[in-house]
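This is what each chain is made of:
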Amino acid sequence: MEYEQELDMAPKKFSLQLWRRILKLSRNHWRELGECMLMLALLGITESLPPLLTRYAVDRFVVARDTSTLGWFIALYAGLLLFNFVISHRFIQLSGHIEWGVNYDLRAKGFRKLQELPFSYYDRMPVGNLLTRVTSDTAQIGEALGWGLVDFVWGVFFLAASFIGMAALNAKLALAALVSLPVMFAISILFQKKMIVSQRNIRKSNSAITAAFNEGIMGARTTKTLVREEMNYEEFSAQTDIMYRRSIRGAVLSALFLPIISSVGAIVTAFVLTEGAGLVLEGVISLGTLAAFMSYITDFFEPVEHIASIFSEFQRRQAAAERVLTLLDTEPDIRDSREVEELFGDNFRPKKENWPPIRGDIDFEDVSFRYKDGESVLSHFDLHIRAGQTVALVGATGAGKSTIVNLICRFYEPTEGSILIDGTDYRQRSQLWLQSNIGYVLQEPQLFSGTIADNIRYADKDAGMEEVKRAARQVNAEGFIMKLENGYDSQVGEGGNRLSTGEKQLISFARAILHNPRIFVLDEATSSVDTETEMMIQRAIEKTLEGRTSFIIAHRLSTVRHADRILVIEDGKIAESGSHSELIAARGRYYQLYTTQFREERSMDVLGKKG
Ligand SMILES: Nc1ncnc2c1ncn2[C@@H]1O[C@H](COP(=O)(O)OP(=O)(O)OP(=O)(O)O)[C@@H](O)[C@H]1O
Ligand SMILES: [Mg+2]
């Protein structure tokens, strides 16, 4: 299945098949759903009874002035009310259960899927979109099943029972009511459609305005320096203008709907009243029967609206259902083969007892690679690294350095050729095996809400406080941690946004060290800390990296001098390879890069001191 590129908000034709799949996914709630529908069917029937009671009351108590059965009548009425109350209570309980249960199940499934999907999936999917899928989309489906579906059942039973009641009383009058039904349905459906379109337009406008706001705020500084305020304001006004017009249209539409439906109702009422009155005078029906009819017809509109709205309701939520299903249907393009899974387990049930120990030899054998729909990044790339070596990758932006380490981590797989870990193609091992043995520190480190200590022991929940502190000390992070109000127990905020990027890097460093992996990947990992801190980390990790295979990508060449091997990457190829002193002696690309950077840093220093 292809990852979809964009999400269409437009409701398509109502798709029964889609909802059948959603129903199947909600198997856990079938019993509740069944019971709930039964309750509503009962409720629909019992709620159609009062007109019959009215009829009895009018004929007996009013016309015949006989109140001998009044006690019974009141008891019966009270009993009916009580019965309805009990059933309503139960149905609301059940609906709530279904709504949240379905929502929860789909969220859990979606979340699990997201954990399973490879890194590359997130290249294509904006995070905002994914969040919508696992939150509001699933909630919409829950509501549709919990309330929409059962509403429908109620409407159908209420209408049907009312009709049977009417037909039993007088076929001719019942027929008049029956004729009005299609008209009401047609009007309801027409309006529903128009209102959906109108609401969708309003929502579109609204998100355009939100986006404009967002950009206006986020980009305030840029806007000011580029003197774009005037233009931005004009664009913004145009958007709000559209929003205003669309909202008015929506309001007019919904203001029209009820009066029109009521008019149809009034016409039917008038007809039944005149016809009925004649019949009463002729003595064909009693006054009570006429009263019953009037009350049937007054209550007519509600179920019609409920039934008419179900399709548009489900159609409106169809986009949400589609999005959730597409997520659940997404097949990861990197996955372990069945044999591998059998032997080494999957992400949720790893069979660690079968995992071979890892040494850390890495070989690229004639690897070619391109990103999906991208140009070729590596072609026929060979690289052989013995366990324990520290390898530095340097080179221009876009040269392919990150791509190489992404391949090592198996965030992507080679398009051609193979990557061997300890002499075996890594596709013959489980992803989890490799990834549990790799420590990956990125330029934009990812922290999670929680405390500093939680974040350091993120991958190793059982690590004690002492281990956490040792890891932090090793990367010289303790200094800034102790300055925080609660030390290791300080909250880092959502995504770690209460810390500076450099501080986040230090924390993710400590996290990688605590995890004690055989292979270390540092992709611009120290680019956001100052030079002095970088030097300190450098000294600290040199010890840590000893005996482990490690890859360091850095723009600041002073930090990679001590690597066993430095590879200069150019256009996805190794342009030069050797130790610092060898490459300097060779006076090639590396020498150029190094001396230029060195000179720049020197002049920066001098300028800094002057200013
Ligand atoms: N997810 C992706 N999808 C498509 N193309 C990509 C993706 N990531 C990188 N590329 C492309 O692959 C090429 C190599 O990118 P890569 O990120 O490996 O460069 P880099 O050497 O790490 O650069 P930098 O120093 O800026 O981090 C670039 O041309 C880039 O545009
Ligand atoms: Mg990179």
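Everything discussed here concerns the structure shown above.
Residues numbered from 1 in each chain as written. Chains lettered and ligands numbered in written order. Predicted model: local features only at pLDDT ≥ 70, side-chain atom pairs only at ≥ 80, totals over all residues. Heavy atoms only, no water.

Q: Sorry if this is basic, but what is going on with the overall build of the protein here?
A: Tallying secondary structure elements over the protein gives 21 helices and ten strands in all. The C-alpha atoms of the protein give a radius of gyration of 35 Å, which is well past the 25 Å a tight globule of 611 residues would have. In terms of overall dimensions, the protein has a C-alpha envelope of 120 × 65 × 50 Å along the principal axes. The proportion of buried residues among the 611 residues of the protein is 45%. Long-range contacts, defined here as pairs at least 24 residues apart, represent 76% of the contacts in the protein between residues at least 6 apart. Total accessible area on the protein stands at roughly 32500 Å², and carbon and sulfur atoms take up 58% of it. The protein carries 68 positive and 75 negative side-chain charges, and their two centres are separated by 1 Å. (Helix = DSSP H or I, 4+ residues; strand = E, 2+ residues; numbered from the N terminus. Rg over C-alpha atoms; globule rule 2.2 N^0.38 Å. Buried < 20%, exposed > 50% of the residue type's maximum accessible area, 1.4 Å probe, protein only. Contact = heavy atoms within 4.5 Å. Areas by Shrake-Rupley, 256 points an atom, 1.4 Å probe, with all protein chains shown as cover. Lys, Arg positive; Asp, Glu negative; His and termini not counted. Charge placed at Lys NZ, Arg CZ, Asp CG, Glu CD.)

Q: How do you make sense of the packing of aromatic side chains when you look at a structure like this?
A: Aromatic ring pairs are defined here through the distance separating the ring centres and the angle between the ring planes. What the rule picks out here adds up to 15 aromatic pairs. Ring centres of W19 and F314 lie 4.6 Å apart, and the angle between their planes is 65°; this geometry places the pair in the edge-to-face category. Residue W19 is found in helix α1 (residues 16–25), and its partner F314 is found in helix α11 (residues 301–329); the two are separated by 295 residues along the sequence. F314 shares its class with W19; the two are buried. Ring plane angle 40° and centroid distance 5.1 Å describe the contact between F191 and F257, whose orientation is recorded as tilted. One end of the pair, F191, is in helix α7 (residues 171–218); the other, F257, is in helix α9 (residues 229–282), with 66 residues separating them in the sequence. Accessibility assignment for this pair places F191 and F257 in one class, buried. These aromatic residues form a ring-pair network of at least three members: Y56, F61, F73 and Y77. Across from the ring centre of Y426, 5.5 Å away, lies the NZ or CZ of R410, which sits over that ring. Here the basic side chain of R429 rests over the ring of W433, its NZ or CZ set 5.5 Å away from the ring centre. (Phe/Tyr/Trp six-rings, centres within 6.5 Å; stacked < 30°, edge-to-face > 60°. Lys NZ or Arg CZ within 6 Å of the ring centre and 35° of its normal.)

Q: Any chance you could explain the sheet that holds strand β1 (residues 362–370) here in plain terms?
A: In a beta sheet, neighbouring strands pair by backbone hydrogen bonds and run either parallel or antiparallel. Pairing within the open sheet is antiparallel, and its four strands lie in the order β2-β1-β4-β5. Edge positions in the sheet fall to β2 (376–385) and β5 (424–425), since each has one partner strand and no second. Sheet strands touched by helix α13 (residues 401–408): β1, β2 and β4 (416–421). Its angle to β1, the strand with the most contacts, is close to 120°. (Pairing = 2+ DSSP bridges. Axes fitted to C-alpha atoms, helices over the stretch in contact; angles between N-to-C directions.)

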